[in-house]
Amino acid sequence: MDIKNCDNVDVVILGAGASGLWIANNLIESGFSVKVLACGKLGEGQTIASQGIIHTGIKYVFSGGIDDFVHSLHHVPGHWNERLSGSTSPDLSAVKIISNYTHIWSDQPIEEALANVFGIEDILKGLNTDKEKINEFYHYSVEEKTIDVRSLIRELTTKVSDEIIFYKKDTLIFKKNAEGFVGKILFTSEDGVRHDFKSKYVIFSAGVENCNLVKNSLGEVIESSDSPLTMRYIKGNLPNINGHIYKDRKLLLTITSIPSVDDSLNNTWVIGGGIAEALGGIQTSKNYFYSLIKNLFDVDEKDIKLSGEYTINRSEPPDVYGRRFAEPFIFHKKNVLAVWPIKLTLVPRLASNVCNLIKQHQDIDKVIVKSRESIELDLIDRCAKAPWVTN
Ligand SMILES: Cc1cc2nc3c(=O)[nH]c(=O)nc-3n(C[C@H](O)[C@H](O)[C@H](O)COP(=O)(O)OP(=O)(O)OC[C@H]3O[C@@H](n4cnc5c(N)ncnc54)[C@H](O)[C@@H]3O)c2cc1C
């Protein structure tokens, strides 16, 4: 076997979803040498399956009022806007925006329920309200973007493509040194070359695989809170709908509309929300679903040409007292970090927290790597396909 024994870098990242790719962008920008180990397709897992909403927190106000999570989300879209306009790196100005507004239909008005909640004015400031009820539902809209996640993956990848190595997952071995730090990472890349890496930091951004990687590298057992979501999609002659439907202050449906790649099917609605939750979700009969979309959007069953579903595990960090995490979570032990953004929306904050943490440990003298020939990654071929893309 061909042995390549020379690589010595500051940081090795395992997992090329939104978290791993964004962290790589930030670290490289700060002058660290980085390698990203990927298996399968770039962005596969939760990132490509997500609905791409850059949350302002308003969604959670409708079902639960204001908590730390709402406050945490409230200022993040500003950070996204800076990247989406290209004024701050990573430059994401080529990411496609699916919608600039999110709509909310609720059978109960939000204003009365939240009238006396402290701090609500700031959160509700951008919320537009229709005065009249439409078919038993109040209608609201808010400036909140939905992005095309595939184009996000492509943009994040473009800037770090020279540092991505596709490897065979089952060949991965971690070697600890006498102090219990991960000293070496051995693996075989897709082209059959055996690698022997020395890295000062190892970051796991592998979603549902994070805990296994922590166990394999440090021998430490941590448990994430993973829960399956069964998402639905329908395709056909459908209007552009990006928003949430609430009933009895519970989130019933979240619909995002993606222009279909296959022209004959016009639009794809990706549908999550309460109906997708396997645990504690909301059961909705097919008849009720059809009457709802008929009443609200004038969509008939005959407008739907194709429907389907996909199940995806949502990975959240180790549960603490059953509370939802308000901030991205970083597990840190020795030279290992395992990261959970909680939401795609919070990935920029996660990436900057990780970067700051590594900068603070400045016993890390940056490794200068000699530049190598640029590798043309066939990005289209390497990026994951969305689960609702059927052609
Ligand atoms: C159905 C659904 C809808 C969502 N909608 C939204 C939304 O609208 N807005 C929002 O803000 N958030 C949303 N989220 C949450 C958001 O998608 C996630 O928080 C985010 O994408 C997590 O990104 P990640 O990179 O940490 O993990 P992932 O996207 O899961 O990426 C992990 C990557 O690691 C790879 N990997 C696994 N094991 C290894 C290994 N051993 N070595 C190397 N690589 C490995 C996987 O192949 C994968 O590509 C949604 C989540 C789901 C499930």
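Everything quoted here is computed from the prediction, not taken from an experiment.

**Student:** Before we move on, could you go through the overall build of the protein chain and cite the residues and values that matter?
**Tutor:** Scanning the protein chain from terminus to terminus reveals twelve helices and 17 strands. Considering only residue pairs separated by 6 or more positions, the protein chain has 72% of its internal contacts joining residues 24 or more positions apart.

**Student:** Describe the pairing of strand β4 (residues 97-106), naming the residues involved and giving the relevant values.
**Tutor:** Relative to strand β6 (residues 138-147), β4 runs antiparallel, the two sharing eight bridges. Opposite I97, over in β6, you have I147 as the bridge partner. Sheet analysis places β4 next to strand β12 (residues 243-247), joined by four bridges and oriented parallel. Each bridged residue has a counterpart across the sheet, and for W105 the counterpart in β12 is I245.

**Student:** Run through the site of the ligand, naming residues and quoting values.
**Tutor:** Taken together, the neighbourhood of the ligand is formed by 36 residues, with G15, G17, G45, S50 and G207 sitting nearest. Only α1 (18-29), β3 (34-38), α2 (46-49), β11 (225-236) and β15 (304-316) provide two or more residues apiece to the shell around the ligand.

**Student:** Please give an account of the environment of I234 that cites residues and values.
**Tutor:** On the secondary structure map, I234 appears in strand β11. The sequence separation of I234 and E309 amounts to 75 residues, and the corresponding C-alpha distance is 8.7 Å. Filtering out sequence-adjacent residues up to four positions away, I234 remains in contact with W269, I304 and S307.

**Student:** Describe the nonpolar core, listing the residues and the values that go with them.
**Tutor:** V11, I13, A24, V36, I203 and F204 are the most contacted members of the largest nonpolar core, which has 100 residues in total. Tallying contributions element by element places α1 first for this core, with seven residues. Leave out the neighbours within four places in its chain, and I203 touches V11, I13, I23, L337, V339 and V354.

**Student:** Account for unusual backbone geometry, naming residues and giving values.
**Tutor:** Following S89, the chain continues to P90 via a peptide bond in cis, the omega torsion being 0°. Position of P90 among the secondary structure elements: in the loop between α5 (76-84) and β4. Unusually for a residue other than glycine, E136 sits at a positive phi of about 75°. Turning to its location among the elements, E136 is positioned in the loop between β5 (128-129) and β6. One non-glycine residue with positive phi stands out, namely D248, at about 50°. Relative to the helices and strands, D248 is located in the loop between β12 and β13 (250-259). Judged by local crowding, D248 falls into the exposed class, with 10 C-beta atoms found within 10 Å.

**Student:** So what's going on with the packing of α1 against helix α11 (residues 347-360)? Residues and values would help.
**Tutor:** Remark: α1 packs on α11, axes separated minimally by 9 Å, with the N-to-C direction vectors making an angle of 50°. By the angle between their axes, α1 is oblique relative to α11. As α1 packs across α11, the resulting crossing turns out to be right-handed. Judged by residue contacts, A18, S19, W22, I23, N26 and L27 of α1 engage V347, P348, L350, A351, S352, V354, C355 and I358 from α11. Among the residues forming the contact of α1 with α11, the class breakdown is eleven nonpolar, three polar and no charged.

**Student:** Explain the pairing of strand β2 (residues 8-14) to me, using residue names and the numbers behind them.
**Tutor:** Within β2, five of the seven residues are buried, which leaves it mostly tucked inside the rest of the structure. Across six bridges, β2 lies against strand β10 (residues 194-204) in parallel orientation. Within β10, the residue paired with V11 across the bridge is Y201. As paired strands, β2 and β3 are joined by four bridges and run parallel to one another.

**Student:** Mind laying out the sheet that holds β13, listing which residues take part and the relevant values?
**Tutor:** Neighbouring strands of a sheet are bound in pairs by backbone hydrogen bonds; such pairs are parallel or else antiparallel. Strand order in the open sheet made by the eight strands is β5-β6-β4-β12-β13-β14-β11-β15, with mixed pairing throughout. Only two strands of the sheet have a single partner each, and these edge strands are β5 and β15. In this sheet, β13 lies alongside β12 in antiparallel orientation, the contact comprising five bridges. Bridge pairing in β13 links H244 to T254.

**Student:** Pulling in residues and values, what's your account of helix α8 (residues 149-158)?
**Tutor:** Most of α8 sits out of view: eight of its ten residues are buried. Three or more residues of α8 are buried, namely V149, R150, L152, I153, R154, E155, L156 and T157. The inward-facing, buried residues of α8 abut α1, α2, β6 and α12 (379-382).

**Student:** So what's going on with helix α9 (residues 210-218)? Residues and values would help.
**Tutor:** Inspection of α9 places N210, C211, L213, V214, S217 and L218 among the buried residues, and these make up the whole buried set. Along the axis of α9, the buried positions cluster into a sector of 160°, meaning they face one direction only. Turned more than 90 degrees away from the buried face of α9 sit N212 and K215, all of them exposed.

Calculation criteria
Residues numbered from 1 in each chain as written. Predicted model: local features only at pLDDT ≥ 70, side-chain atom pairs only at ≥ 80, totals over all residues. Helix = DSSP H or I, 4+ residues; strand = E, 2+ residues; numbered from the N terminus. Contact = placed C-beta atoms within 7 Å. Pairing = 2+ DSSP bridges. Near = placed C-beta within 6 Å. Core = buried A, V, L, I, M, F, W, Y, C linked by C-beta atoms within 7 Å. Buried ≥ 20, exposed ≤ 12 C-beta atoms within 10 Å, placed from the backbone. Axes fitted to C-alpha atoms, helices over the stretch in contact; angles between N-to-C directions. Parallel < 35°, antiparallel > 145°, perpendicular 65-115°, else oblique. Left-handed = near helix turned anticlockwise from the far one by under 90°. Nonpolar A, V, L, I, M, F, W, Y, C, P; charged D, E, K, R; others polar. Arc of directions from axis to C-beta.

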